[in-house]
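Architecture at a glance
The residues making up each chain are set out below.
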Amino acid sequence: MGERGLSRRRFLRDAAVVAAAVSQRKAFAAPSANDEDIAQHRIFFEQPAATWPDALPIGNGRLGAMVFGMTQRERLQLNEETVWMGERRDRNNPKASRTPDVRKLLFAGKVHEAEALALETMMGIPDRLPCYQTLGDLWLEFDGVPKEVSAYRLELDLDNAIAKTRFNVGDVHWTRELFSSAPDNVIVVRLECSQPMKLNVTMDRPAHFETKAEGNKLVMTGQALPVKPTTDPATQERQAGVKFRGEVRAIANNAAINVKNNSLRIEGVRIVTLYVAAATDFRERDAAGMTVACERVLKGAMSRSYEDLRARHIADYRKYARRAEIQLLPGPDPLHDMSTDKRIQRVKDGGEDVGLLPTYFQYGRYMLISSSRPGTLAANLQGIWNESLDPPWGSKFTVNINAEMNYWIAEVGNLAELHPQLFDLLDSTRAQGAETAKKYYNARGFVVHHNTDIWGDSIPVDHVQAGVWAMGAAWISLHLWTHFEYGGDGEFLRSRAYPRLKEIAEFMLDYLAEAPDGTLVSGPSQSPENKYKLPDGSTASLCMAPAMDTEIIRAVFDRVVRGSKLLEVDKDLRKQVQAAAKRLPLLKISKDGALQEWNEDYAQTELGHRHISHLFALYPDDQITLRGTPALAIAARKVLERRLAAGGGSTGWSRAWIINCWARLEDGEAAYQSVLELIRHSTRTNMFDVCGLKANSPFQIDGNLGGPEGFAEMLLQSHGGVVRLLPALPRAWKTGSFRGLRARGGLEVDCSWKEGKVVSAKLRASLNGAVRVVAPAGQKAVAAKKGNEIVPSREVDASAIEFIAAAGGRYEIKFAS
């Protein structure tokens, strides 16, 4: 039985099993971690952050802050996830009905004419989407604190999601604690000093705001408006945007709080607690609604003791954070007491630091927990952290890799409840995406091009080279299937995953065009953001049927067929999809032996291009596998080798994707080398990922989330219906363990190894079904135990066994060399 066939049998044997999946499912927390092990995961420095990208992030999914740790004048840069420019409006190009003419020009080989027509008729009006903006800054100015202090430490504890600054001024000790509480929807700032302190509290932002102080509170109101209004209709954004209210209240142990010049003046007290709330008219009806919302939040938070707020925050955070962990050293980390910036610099200088990587893994999970919670928006290009009114790439939702990568870690990293925020983003685009599908392509369903925003925009934007690409919604829709594969929730499949995939499939059926050779091809499209050379030496981006398009369409069609069979629905649609799938172009190998990026064997213009879009079939999908399609796997390897030889992997997200691809090729050494490159060239000393090789390259969160997923993929894989243990283990990780990672089919997996050999593997099942376990190279899985009993199993090949798991069962796999 093929890998895909086994996968279907394992998860989806019949509709009755799927329908019963919800009732069968049981929640299993991974065994509690040793507190000392978890406590090692701290990021800390011996000096304050000099610039915004070096500060430490806190967040509850909706409210975020960047903590600088300044001693005299602390800056807390604040974000609220819905502070966006713009408005919901029709951005469709009024000439969009001419898209078929662009396609005809491409079929005729008139590529430059096609691109010129696409620029005129396909780009959105205006052709740039609104930006996500900062809420503003909270400033804490302390009297009597000199520039020079002693015993300084700024840290972020990844076990309790609390940022802390502490230092001494002579024999006076200062401590600050900050956290963003999800259960109480508030940022809490605790200031403590061993002698009475004096401070001023102010709030501001770069533009479009007003701050007022009254009683024990500061209130900042304003609107997210364009920074530089233009008169060019192609780029003009109307003077519209989300209105906001940020409010800070202080409790100072009955000390007097005075108002002066729209700031709060607090004197003569050793402990001050500040509470920060925010609201916008994106969720509230008007200014009165924002006032009521802030009042409700602050009243609730201030009715609790600081200790209670802190405990509630930690308990809420740990229910996610403590589920999973990796360890890559045989014992305690010998560099535990070295500051994080120094450790990262050692790696940048050419060294290695295996003990730092588990913290990097936890930091990625921390960032997703802190920027994407149930009921919040999806994490954008910067999660929720942004100091600017006009951030790089608008800090939008870029859906030709970045938004999807943000959620690669969600399932395997045991954060499945955080994945639906991406599905909500997809849902938010349906209405406008349906209009765009009809106006541009005369198609059913809905479409999103390479970017979207809080307003659900779906049109091509920015420029032809990036914007004309109709696969954004399709790619995200595959995440719904992944969520189903891991959790087996039949109701989720029925009510949410399958309906979205069906709509995307309907769009694809109408979008595809018949090529002269009889195949069905996508277009006008492109291989995201890349260009190719034409025979005359000129370059172009638009084409028909780039490999990535075909791979995504084939994946969508596959899931729709499987889903419709499970649910016993849409037989006619299934037949249409199956027939169309057979007519899609096959993946091709170029004359130089690499996987072909375009349907024609064009020459590359940028050999080290950051996108490796045609490797979608290798990862995150599994159309290319080592055993199922060996020739294509070799061709995929050549793509990686040639990209890297020419300087590819130059952004954090690109390098993270490469790690995952090497892991799928089961090349642990190549994957580990890219892990080192990720740290050396795309990671700041506070572990922030950067989008480029320059020191001042902007922060993007995608690499911070895609990199840890790569670590997990090196240690555990579950595509194709099998659970593979340590498939890409490098020599540098010869001894270690992981716990709480998830595998498809409702499994949680713990594993420990020594000298590259598994010594213990335990599985917890939440679904009934067949489980196939493949041992690492040089080992053989020989038995499965449930308690003290051997479970009936069969030997599949030289390294694997298969057994039937029962929901609620806990199993231990036995191995032989």
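For the structure given in this document, a descriptive report is provided here. (Residues numbered from 1 in each chain as written. Predicted model: local features only at pLDDT ≥ 70, side-chain atom pairs only at ≥ 80, totals over all residues. Heavy atoms only, no water.)

What to know about helix H9 (residues 340–348)
Selection criterion: Remark: exposure states derive from per-residue accessible area (1.4 Å probe, protein chains only) relative to the maximum for the residue type, with buried under 20%, exposed over 50%, and partly exposed in between. Helix and strand assignments come from DSSP, with helices taken as H or I runs of at least 4 residues and strands as E runs of at least 2, each series counted from the N terminus. Directions drawn from the helix axis to the C-beta atoms are what define this arc. Here, two residues are considered to be in contact whenever any of their heavy atoms come within 4.5 Å of each other.
Of all the residues in H9, the buried ones are Thr340, Asp341, Arg343, Ile344 and Val347. Down the axis of H9, the sector holding all buried residues measures 160°, keeping them to one side. Along its buried surface, H9 packs onto strand E1 (42–45) and helix H22 (668–682). Once H9 finishes, glycine 350 follows within two positions and takes phi at roughly 110°, a positive value.

Looking at the packing of helix H16 (residues 472–487) against helix H18 (residues 547–567)
How two helices pack is summed up by the angle between their axes together with the distance between the axes. Note the following rule: A fitted line through C-alpha atoms represents every axis, and for helices the fit uses only the stretch in contact; the resulting angles, taken between N-to-C directions, go from 0 to 180 degrees. Each angle receives one of four descriptions, namely roughly parallel if under 35 degrees, roughly antiparallel if over 145, roughly perpendicular if within 65 to 115, and oblique otherwise. A crossing counts as left-handed when the near helix is turned anticlockwise from the far one by less than a right angle, and as right-handed when that turn is clockwise.
Two elements in contact, H16 and H18, have axes separated by 10 Å at closest approach and are oriented at 40°. Judged by the inter-axis angle, H16 sits oblique to H18. The hand of the H16/H18 crossing is left-handed. Contact residues: H16 offers Ala474, Trp475, Ser477, Leu478, Trp481, Phe484 and Glu485, while H18 offers Met548, Ile552, Ala555, Val556, Arg559, Arg562, Gly563 and Leu566.

Considerations on the sheet that holds strand E33 (residues 810–816)
The pairing of strands in a sheet comes from backbone hydrogen bonds and takes either a parallel or an antiparallel form. The condition that has to hold: Strands are labelled as partners when DSSP assigns at least two bridges between them.
If you walk across this open sheet you meet the seven strands as E15-E25-E26-E27-E33-E29-E30, and the pairing is antiparallel. Two strands bound the open sheet, and with one partner strand each, they are strand E15 (325–327) and strand E30 (789–791). The average angle at which neighbouring strand axes cross in this sheet is 25°, direction not considered. As judged from the four bridges shared by strand E27 (residues 757–765) and E33, these two strands associate in the antiparallel manner. When the bridges of E33 are listed, leucine 763 appears paired with tyrosine 811. Contacting E15 and strand E25 (736–743), helix H10 (residues 357–371) crosses the sheet at an angle of about 170° to E15.

A word on the nonpolar core
We count it as follows: In this description, a nonpolar core means a group of buried Ala, Val, Leu, Ile, Met, Phe, Trp, Tyr and Cys residues linked to one another through side-chain atoms lying within 4.5 Å.
Ile552, Phe557, Trp657, Trp733 and Phe738 are the most contacted members of the largest nonpolar core, which totals 239 residues. Considering every element that reaches this core, the biggest residue donor is helix H17 (residues 490–511), with eleven residues. Residue contacts for phenylalanine 557: discarding those within four places in its chain leaves Ala505, Met508, Leu509, Leu512, Val577, Ala580, Ala581 and Leu584. In this structure, Ile162, Ala293, Val297 and Leu298 belong to the second largest nonpolar core, which totals 16 residues.

A closer look at the pattern of salt bridges
Keep this limit in mind: For this document, the term salt bridge refers to a Lys or Arg side-chain nitrogen within 4 Å of an Asp or Glu carboxyl oxygen.
Counted according to the given criterion, the structure contains 70 salt bridges. Across the pair arginine 323 and glutamate 417 runs a salt bridge whose closest N-O atoms are separated by 2.6 Å. Placement of arginine 323 in the loop between helix H8 (306–321) and E15 and of glutamate 417 in the loop between helix H12 (408–412) and helix H13 (420–428) is noted, with a sequence separation of 94 residues between them. Under the relative-accessibility criterion, arginine 323 is labelled buried at 16%. Look at glutamate 417 and you get partly exposed, because its relative accessible area is 34%. With a closest N to O distance of 2.6 Å, aspartate 427 and arginine 500 form a salt bridge.

What about unusual backbone geometry?
A cis amide bond links isoleucine 125 with the next residue in sequence, proline 126, at an omega value of -5°. As for its position among the elements, proline 126 is in the loop between helix H6 (111–121) and strand E5 (136–142). In this model, tyrosine 619 is joined to proline 620 through a cis peptide bond whose omega is 15°. Structurally, proline 620 can be placed in the loop between strand E22 (603–604) and helix H20 (630–645). Unusually for a residue other than glycine, glutamate 666 sits at a positive phi of about 60°.

What about the packing of aromatic side chains?
The test is simple: Whether two aromatic rings pair depends on their centres lying within 6.5 Å, for rings of Phe, Tyr and Trp, where Trp uses its six-membered ring; planes under 30 degrees apart make the pair stacked, over 60 edge-to-face, and the rest tilted. Sitting over a ring, as applied to charges here, requires NZ of Lys or CZ of Arg to be within 6 Å of the ring centre and within 35 degrees of the ring normal.
Counted under the stated rule, the structure contains 30 aromatic pairs. Relative to tyrosine 511, the ring of tyrosine 441 has its centre 5.0 Å away and its plane inclined at 85°; by these criteria the two rings are edge-to-face. With tyrosine 441 in helix H14 (residues 430–441) and tyrosine 511 in helix H17, the pair connects residues that are 70 residues apart, well separated along the chain. Classification of tyrosine 441 as buried rests on a relative accessible area of 7%. Classification of tyrosine 511 by relative accessible area gives buried; the value is 0%. These aromatic residues form a ring-pair network of at least three members: Trp408, Trp475, Phe616, Tyr619 and Trp657. Of note, arginine 153 hangs over the ring of phenylalanine 44, and the distance from its end group to the ring centre comes to 3.8 Å.

Concerning the sheet that holds strand E28 (residues 769–774)
Pairing within the open sheet is mixed, and its five strands lie in the order E23-E24-E28-E32-E31. Two strands bound the open sheet, and with one partner strand each, they are strand E23 (716–717) and strand E31 (793–795). As paired strands, E31 and strand E32 (residues 800–805) are joined by three bridges and run antiparallel to one another. Pairing of serine 793 across the sheet is with phenylalanine 803, part of E32.

Quick notes on the environment of glutamine 382
Quick reminder of the rule: Between N or O atoms, a polar contact is any pair within 3.5 Å; within protein, one atom must be a potential hydrogen donor and the other a potential acceptor, and residues adjacent in sequence are included only when both atoms are from side chains.
Topologically, glutamine 382 is positioned in the loop between H10 and strand E16 (397–398). Of the residues examined, glutamine 382 reaches a relative accessible area of 4% and is grouped as buried. Side-chain polar atoms of glutamine 382 contact the backbone oxygen of tryptophan 385, separated by 2.7 Å.

What to know about the state of the cysteines
Worth spelling out the cut-off: Two cysteine sulfurs form a disulfide in these notes if their separation is within 2.5 Å.
Summed over the entire model, instances satisfying the criterion amount to zero disulfides. Residue cysteine 131 stays outside any disulfide, its sulfur separated by 16 Å from that of cysteine 691, the closest cysteine.

A closer look at the pairing of strand E2 (residues 56–59)
Alternating residues of E2 divide into Leu56 and Ile58 and Pro57 and Gly59, and every residue in both groups is buried. Across four bridges, the pairing between E2 and strand E3 (residues 63–67) is antiparallel. Within the sheet, the bridge partner assigned to isoleucine 58 lies in E3 and is alanine 65. Adjacent in sequence and paired antiparallel, E2 and E3 are bridged by three residues, among which glycine 61 carries a positive phi angle near 95°.

Describing the packing of H14 against H17
To keep things clear, this is the line we draw: In the scheme used here, Gly and all other residues not listed as nonpolar or charged are polar, with Ala, Val, Leu, Ile, Met, Phe, Trp, Tyr, Cys and Pro taken as nonpolar and Asp, Glu, Lys and Arg as charged.
Here H14 crosses H17 at 10°, and the two axes come no closer than 11 Å. Classified by the angle their axes make, H14 and H17 are roughly parallel. Contacts between H14 and H17 involve Arg430, Ala437 and Tyr441 from the first element and Arg500, Glu503, Phe507 and Tyr511 from the second. For the contact of H14 with H17, the per-class residue count stands at four nonpolar, no polar and three charged.

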